[in-house]
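Next come the chains, spelled out residue by residue.
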Amino acid sequence: MYTPDGHTRTCGLIGNPVAHTLSPMIQNHMARVMGQNLVYLPFPVARGDLEAAVRGALALDFLGLNVTVPYKSDVIAHLAEIDPLAERIGAVNTLVRCQGGYKGYNTDMPGLYRAMEQDGVEIAGRDVVILGAGGVARAVAVMLLDRRAAGVHILNRTVDKARAVAQEVNKIAGKSFARAYALKDYGQIPGQDWLVVQATSVGMHPHEEDAPIEDPAFYRHVEIGYDLIFNPGVTRFMRLTESGGGRACNGARMLVYQGIIAFELWTGTSVDQNTADELCRMMAQALGQ
Ligand code: NAP
């Protein structure tokens, strides 16, 4: 049995709320399998206490932290360094101890990319439809730019937010890469056989009977429907995708891979495929899937 000792390194998750997180299960399991003397704990941080939390972690010599809602952007002000990808995305979910503080990374998007690779989803040269224009949708658009997608069509209930995200991403791209639409205007998207990334919060537990778009005509064009939601394991968006003849994936692999990449950054190790697969199975079981 593993017992922490005087050499144990501490990592954790800061955010609010953090009570329902699956990250301690993922990280502590990985630490045991990989033989790392490391423990990982959730730390709820009240609004206004973010700077104190980061300073406290530094004073206590924490090896690293994950950062979740609502601090992924605000934490940037409290870093010693930031990785260029995280800077472009404008969101940090992983802090790694460095000279004089923490260096911020975004492992959500490399995690999504690795998950998509595992799920056999090709991005390069492809037009991608993104549903949503929140923090994650924006990050997905930047990741797709980095991974040489041909372009993105961003659909959002509040069209002004889609326009703002498209404008920001086009500025980063230095070309016209992203176009904005209202969610109801999916009829204007050119082409067919779409890869659709579902990045709204619609359909999350406990609102499992909701989907951002209901019209079967939309789903007849969806070749791959990639929902970033992982609870429930099969969303209404995924069921509608399959009814239209497309293939559907959920966000569980993304969650596992963002954790794996964070762990690799903290420990300098490389997590093997068997461990990654085992983590996916553990997560599905923990979610009752
Ligand atoms: P966010 O910033 O709060 O954005 C929410 C998005 O959902 C907005 O585009 C919003 O549209 C849209 N939306 C909310 N309610 C809607 C409704 N009733 N009808 C239509 N659209 C609606 O959230 P986020 O941080 O980007 O996260 C988005 C989702 O990503 C999360 O819910 C989560 O499931 C998923 N996620 C997954 C992982 C993973 O590891 N798998 C990690 C992070 C996040 P408006 O702009 O019009 O309000």
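Preceding block: the structure.
Rules behind the numbers
Per chain, residues are indexed from 1 in the order of the written sequence. Under the rules for a predicted model, residues below a pLDDT of 70 receive no local features and side-chain atom pairs below 80 are neither given nor counted, while totals for whole chains, interfaces and linings still include all residues. Side-chain numbers here rest on the full set of heavy atoms in the structure, without hydrogens or water. Every definition here rests on a 1 Å grid over the protein atoms only: cavities are sets of points where a 1.4 Å probe fits but cannot get out, pockets are open sets enclosed by protein on both sides within 12 Å along at least five of seven lines, and lining residues have some atom within 4 Å of a point. Grid points are joined across faces, edges and corners, and a volume is the space filled by probe spheres set on the points. Numbering of helices and strands starts at the N terminus; helices are DSSP runs of H or I of at least 4 residues and strands are runs of E of at least 2. Lys, Arg, Asp and Glu make up the charged group, whereas Ala, Val, Leu, Ile, Met, Phe, Trp, Tyr, Cys and Pro make up the nonpolar group; the residues left over, Gly among them, are polar. Stacked, edge-to-face and tilted are the three classes for Phe, Tyr and Trp ring pairs, Trp counted by its six-membered ring, which pair at centre distances within 6.5 Å; planes under 30 degrees apart are stacked, over 60 edge-to-face, the rest tilted. When a residue's accessible area, from a 1.4 Å probe over protein chains only, is under 20% of the maximum for its type it is buried; when over 50% it is exposed; and in between it is partly exposed. Note on geometry: a ring has a charge over it if NZ (lysine) or CZ (arginine) is within 6 Å of the ring centre and within 35 degrees of the ring normal. When DSSP locates at least two bridges between a pair of strands, those strands are taken to pair. We call a residue near a molecule or strand as soon as one heavy atom of that residue lies within 4 Å of the molecule or strand. Throughout this description, a polar contact denotes any pair of N or O atoms lying within 3.5 Å of each other; where both atoms belong to protein, one of them has to be capable of donating a hydrogen while the other can accept it, and for residues adjacent in sequence the pair is counted only when both atoms sit in side chains. With residues, only the protein chains shown are counted as cover, and all accessible areas are computed by Shrake-Rupley using a 1.4 Å probe. Think of it this way: a molecule belongs to a cavity or pocket when more than half its atoms come within 2 Å of the grid points there.

Turning our eyes to something else, we now look at the layout of surface pockets. There is about 1,600 Å³ of room inside the largest pocket. Mapped by element, the contributors of at least two residues to the lining of the largest pocket are strand 3 (64-67), helix 4 (108-118), helix 5 (135-146) and helix 9 (252-267). The element contributing the most residues to the lining of the largest pocket is helix 5, with five residues. When grouped by side-chain class, the residues that make up the lining of the largest pocket number 22 nonpolar, 19 polar and three charged. Reported here for the second largest pocket is a volume of approximately 230 Å³. Taken together, Gly132, Ala133, Asn156, Arg157, Thr158, Lys161, Leu183, Ala199, Thr200, Ser201, Val202 and Pro212 make up the full set of residues lining the second largest pocket. For the lining of the second largest pocket, the per-class residue count stands at five nonpolar, five polar and two charged.

Here we come to the packing of aromatic side chains. Applying the stated criterion across every chain, the model contains six aromatic pairs. Here Phe43 and Phe62 contribute two aromatic rings whose centre-to-centre distance is 5.6 Å and whose plane-to-plane angle is 35 degrees, an arrangement assigned as tilted. Taken together, the residues Phe43 in strand 2 (residues 38-44) and Phe62 in the loop between helix 2 (50-59) and strand 3 connect sequence positions 19 residues apart. Take Phe43: its relative accessible area is 27%, and that puts it in the partly exposed class. Overall, Phe62 belongs to the buried group, its relative accessible area being 11%. Centre to centre, the rings of Tyr186 and Phe218 are 5.4 Å apart; their planes meet at 65 degrees, and the pair counts as edge-to-face. Here the residue Tyr186 occupies a position in the loop between strand 9 (178-182) and strand 10 (194-198), and Phe218 occupies one in helix 7 (residues 216-219), the gap between them amounting to 32 residues. Pair check on accessibility: Tyr186 and Phe218 agree, each one buried. Three or more aromatic residues link up through ring pairs in this structure, and these residues are Tyr186, Trp194, Phe218, Tyr219 and Phe237. Above the ring of Tyr2, the side-chain terminus of Arg32 is found at 3.5 Å from the ring centroid. Lying over the aromatic face of Tyr102, Arg97 brings its terminal NZ or CZ to 5.9 Å of the ring centre.

Both faces of the sheet carry side chains from a regular strand, because those side chains alternate between them. The side-chain alternation of strand 3 yields two buried faces, one formed by Gly64 and Asn66 and the other by Leu65 and Val67. Note that strand 1 (residues 9-15) and strand 3 share four bridges and pair parallel. If you follow Cys11 over to strand 3, its bridge partner there is Gly64. Pairing geometry for strand 3 and strand 5 (residues 94-98), over three bridges, is antiparallel. Across the sheet, the residue bridging to Leu65 is Leu95, located in strand 5.

The local shell around the ligand holds 21 residues, among which Val136, Asn156, Arg157, Thr158 and Leu228 are the closest. Note that an oxygen atom of the ligand is positioned 3.0 Å from one of the side-chain N or O atoms of Lys161. Taking Leu255, its main chain carries an N or O atom lying 3.5 Å from an oxygen atom of the ligand. The protein chains hide 74% of the 940 Å² of surface that the ligand would expose on its own. The cavity where the ligand resides is the largest pocket. Of all the secondary structure elements, the ones that give two or more residues to the shell around the ligand are helix 5 and helix 9. Along the lines of polarity and charge, the residues of the shell around the ligand split into eleven nonpolar, eight polar and two charged.

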